[in-house]
Amino acid sequence: MHPYIPHTSEEVKSMLSDIGVNSIDDLFADIPEVIKLRRHLNIPDPMSEFEVYKELKSLSEKNKTAISFLGGGSYDHIIPVVVQHIISRSEFYTSYTPYQAEISQGTLQSIFEFQSLICELTGLDVSNASLYDGHTAASEASVMALNSVKKSDTILISEYLHPFTKQVLKTYFLGLDISIVEIKGKDGRTDIDDLKSKISDKVAGLIVQTPNFLGILEDLSEVSKIIRENKKVLIISSNPLSLSILKNSREWDADIAIGDLQPFGIPQYFGGPSAGYIAAKEEYLRKMPGRIVGQTVDKDGNRGFVLTLQAREQHIKRERATSNICSNQALMALASTVYMSIMGKSGLKDVAIRSVSAAHYLADELTKIKAGKILFNQPYFNEFAFVFNKDAKTVISELKNKGIFGGIMLEPLLGEKYKNAVLIATTEKRTKEEIDLYVKTVGGIL
Amino acid sequence: MEILKNLKYSKTHEWIRVEDGIAYVGITDFAQHSLGDIVYVELPEVDTEVSKGDEISNIESVKAASPIFSPVSGTIIKVNEDLEDDAELINHKPYDAFIYAVELSDPSELDELMDADQYEEFCETEGTH
């Protein structure tokens, strides 16, 4: 008898006999014999609780921690302790998404507050209850665009969109007659002439990222003009932190704003989990995926929260659904909600300014010691692509020896054009001493 | 269930009222009743050319989302913008709440539609939803 398996062998036998089959294998008779696995899985023998604990502990001890200058969509920001504390409360932690929605007023209120904060940050009218991550958000925004522009089958993307976003888009539209067409970059920004030449009747919209994957701030004035004139959908992807000090999505005239919330109270872990945001102008409300929580009053006039647009994909639209997202990334979105509430407007600005200043200080110091040069001479946020005079691999491994994760080598991700280029990110967490150690270490191998 | 004598009807439960070569299209009392409370109508775009049988719009109720087909061919010249804020008009006055109007390109298509008596019979044989 196994402790966590609720059926005894007698019960299994009785259920099988009730439905008239002899064995569990008979239930899988439809699966061709040739593809069945005719042996046991190659996994180790069972372990006791203590043995499992020991095994996991020894695995976790293999992890190396270091002073992190890694970015590229995931950043090492300070996370106030209260974030972890609140999301660890069992009311939130164990009930990840409300199925008996209106009975979970606290969860609904937290989602409503999340939506309100995202609307305020992006300047747009409506936000949903969150998506899995920024890449999923880009894909769902594309679906919205394709459904909004009649007879369209093409999504334009900027060359400097996060490479993982490009991969997820490719996967999302696999097998469908949808084209993803890339707009070339020019000196680190989206090329306007290439955009003009690729706009056609078939195009639904454009996804452009600012700060882009190389940390550069795109000037979207011309881009949004072209998109408006051609009646296409403008999707802007942004690090949410940048929205606290720079032009927000509305000010660039975005129809849909998307991004990844990792910078807001979510640890880097080893790449996830994160949460994505998606906000839009009101006219896109009915095309938004997932769910939206609304505020209302009950019959006695008390404030209450409801799933205003709840799981429409499951209950209402069914086979006519335009998205298969039925849930939200509640716990991680809650972490971001708590983070935003704790930091407030001025706190977020402070974090942004300190993160940006640190990056500019580091870039200046590296240039001063003639370690190499910034790849593109453009305004940038809290990260920049730096081309070392030395082999990038040597630089990164030397930094690692000194306890520093020096950045992301770009050549393996983006190709030969980026030989010896490293994407280096800073946050408010990096001290002057840490940055100076980075510069000194690089100086030592020049 | 109300069926108006002076209208034409389609098998997909649209009613058609023709005035000076322009066909006004809505959904029938029978249709609104089977859908239940209507919460949203996705209006088609003016100037769109449609062919008979094209799916041109969507209507969403608390129970289901259903397509609206064009029972005739032509160009959409008008949509009922009142429905944007008040989709329930269709529940209250299905035969007043037209959804869109088409300038007919082939008026002979009207002959293929049902009259009130035929539609009544059609609804009876369709069964009750």
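Residues numbered from 1 in each chain as written. Chains lettered and ligands numbered in written order. Predicted model: local features only at pLDDT ≥ 70, side-chain atom pairs only at ≥ 80, totals over all residues.

**What about the overall build of chain B?**
Heads up, the rule is: Note on conventions: DSSP H or I runs of at least 4 residues are helices, E runs of at least 2 residues are strands, and numbering of each starts at the N terminus. All radius of gyration figures rest on C-alpha atoms, and the globule criterion is 2.2 Å times the number of residues raised to 0.38. In this description, a residue-residue contact is defined by the distance between C-beta atoms placed from the backbone, which must lie within 7 Å.
From N to C terminus, chain B includes four helices and nine strands. The secondary structure elements of chain B, listed N-terminal to C-terminal, are β-β-β-α-β-β-β-β-β-α-α-β-α. Relative to the globule expectation of 14 Å for 129 residues, the C-alpha radius of gyration of chain B, 13 Å, shows essentially globular dimensions. C-alpha extents for chain B along the principal axes are approximately 35 × 35 × 20 Å. Counting only contacts in chain B whose residues sit at least 6 apart along the sequence, the fraction spanning at least 24 positions is 64%.

**Examining the pairing of strand E10 (residues 276-280) of chain A**
Residues and elements named next belong to chain A. Using the following cut-off: Our exposure labels follow a C-beta count within 10 Å of each residue's own C-beta, placed from the backbone: buried means 20 or more other C-beta atoms, exposed means 12 or fewer, and partly exposed covers the counts in between. Only when DSSP finds a minimum of two bridges between them are two strands counted as paired.
The buried count for E10 comes to five of five residues, which makes it a mostly enclosed element. Because side chains alternate across E10, one face comprises the buried residues Gly276, Ile278 and Ala280, and the other comprises Tyr277 and Ala279, equally buried. Strand direction decides the pairing type here: strand E2 (residues 126-127) and E10, joined by two bridges, are antiparallel. Paired with Ser127 across the bridge in E10 is Ala279.

**Quick word on helix H13 (residues 392-401) of chain A**
Residues and elements named next belong to chain A. The cut-off we apply is this: Along the arc lie the directions from the helix axis toward the C-beta atoms.
Of all the residues in H13, the buried ones are Ala392, Val395 and Leu399. The arc enclosing the buried residues of H13, seen along the axis, measures out at 65°, which places them on a common side. Among the exposed residues of H13, those pointing more than 90 degrees away from its buried face are Thr394, Ser397 and Asn401. Looking one or two places after H13, you find Gly403, whose phi comes out positive at around 80°.

**Some points on the sheet that holds strand E17 (residues 421-425) of chain A**
Residues and elements named next belong to chain A. The condition that has to hold: Think of each axis as a best-fit line through the C-alpha atoms, taken over the contacting stretch in the case of a helix, with angles from 0 to 180 degrees between the N-to-C directions.
The strand order across the open sheet formed by four strands is E13-E14-E17-E16, and the pairing between neighbours is antiparallel. In the strand order of this sheet, the two ends are held by strand E13 (372-374) and strand E16 (408-409), each with one partner. Relative to E17, strand E14 (residues 383-388) is paired through five bridges, and the arrangement is antiparallel. Note on E17: the bridge partner recorded for Val387 is Ala421. Contacts between helix H12 (residues 330-368) and the sheet are confined to E13, E14 and E17, with E14 contributing the most and set at about 15° to the helix. The strands that H13 touches are E14, E16 and E17; relative to E17, the one it contacts most, it runs at about 35°.

**Looking at the environment of Arg228(A)**
Residues and elements named next belong to chain A. Note on placement: Arg228 falls in helix H9 (residues 221-229). Exposure remark for Arg228: the 12 C-beta atoms within 10 Å place this residue in the exposed category. Each C-alpha atom, one on Arg228 and one on Ala254, is 9.8 Å from the other, the two residues being 26 residues apart in sequence.

**Let's talk about the domain arrangement of chain A**
All names here are of chain A. Formally: Domain extents, as shown, originate in an automatic or database domain assignment.
Taken domain by domain, chain A comprises domain 1 (67-75 + 345-443) and domain 2 (81-339). Using only C-alpha atoms to locate each centre, domain 1 and domain 2 end up separated by 28 Å. Of the residues lining the interface, 22 residues belong to domain 1; the matching set on domain 2 comes to 22 residues. Of all the elements in the fold, those that place two or more residues in the side of domain 1 that touches domain 2 are H12, E14 and helix H14 (411-414). When residues in the side of domain 1 that touches domain 2 are grouped by element, the largest group, five residues, is from H12.

**Remarks on the interface of chain B and chain A**
Spelled out, the test is: Following the grouping adopted for this structure description, the nonpolar residues are Ala, Val, Leu, Ile, Met, Phe, Trp, Tyr, Cys and Pro, the charged ones are Asp, Glu, Lys and Arg, and the polar ones are all others, Gly among them.
Each partner contributes residues to the interface: chain B has six residues there, and chain A has five residues. In the side of chain B that touches chain A, the residues fall into three nonpolar, no polar and three charged.

**With respect to the environment of Ser200(A)**
Residues and elements named next belong to chain A. Looking at the element boundaries, Ser200 is found in the loop between helix H8 (192-198) and strand E7 (203-209). Accessibility expressed as a C-beta count within 10 Å gives 12 for Ser200, which makes it exposed. Expressed as a C-alpha distance, the spacing of Ser200 and Val223, which sit 23 residues apart in the sequence, is 15 Å.

**Thoughts on the pairing of strand E11 (residues 292-297) of chain A**
All names here are of chain A. Here six bridges tie E11 to strand E12 (residues 303-309), and the two strands are oriented antiparallel to one another. The partner of Ile292 across the bridge, within E12, is Leu309. Connecting E11 to the antiparallel partner E12 that follows it, the hairpin turn spans five residues, and Gly301 within it adopts a positive phi of roughly 85°.

**Focus on the nonpolar core**
Rules: Among buried residues, those of type Ala, Val, Leu, Ile, Met, Phe, Trp, Tyr and Cys that are joined through C-beta atoms within 7 Å form a set called a nonpolar core.
Grouped together as the largest cluster of nonpolar side chains are 111 residues, with contacts concentrated most on Ile235(A), Ile256(A), Ile278(A), Phe386(A) and Val422(A). Of all the elements, H12(A) adds the most residues to this core, at 19 residues. Each of domain 1 (67-75 + 345-443) and domain 2 (81-339) of chain A gives at least three residues to this core. Here Phe386(A) is in contact with Ala363(A), Leu366(A), Gly372(A), Ile374(A), Leu375(A), Ala421(A), Val422(A) and Ile424(A), once residues within four sequence places are set aside. In terms of nonpolar packing, the next biggest core, distinct from the first, is built from 29 residues, Ala31(B), Ile90(B), Leu113(B) and Tyr119(B) among them.

**So, the sheet that holds strand E9 (residues 256-260) of chain A**
All names here are of chain A. What the seven strands build is an open sheet, ordered E2-E10-E9-E8-E7-E3-E4; its pairing is mixed. Each edge of the open sheet carries a strand with a single partner, namely E2 and strand E4 (179-183). With five bridges connecting them, strand E3 (residues 154-158) and E4 associate as parallel partners. The partner of Leu156 across the bridge, within E4, is Val181. Here helix H6 (residues 134-148) sits on the sheet and contacts E3, E7, strand E8 (233-237), E9 and E10; the angle it forms with E9, its principal contact strand, is near 160°.

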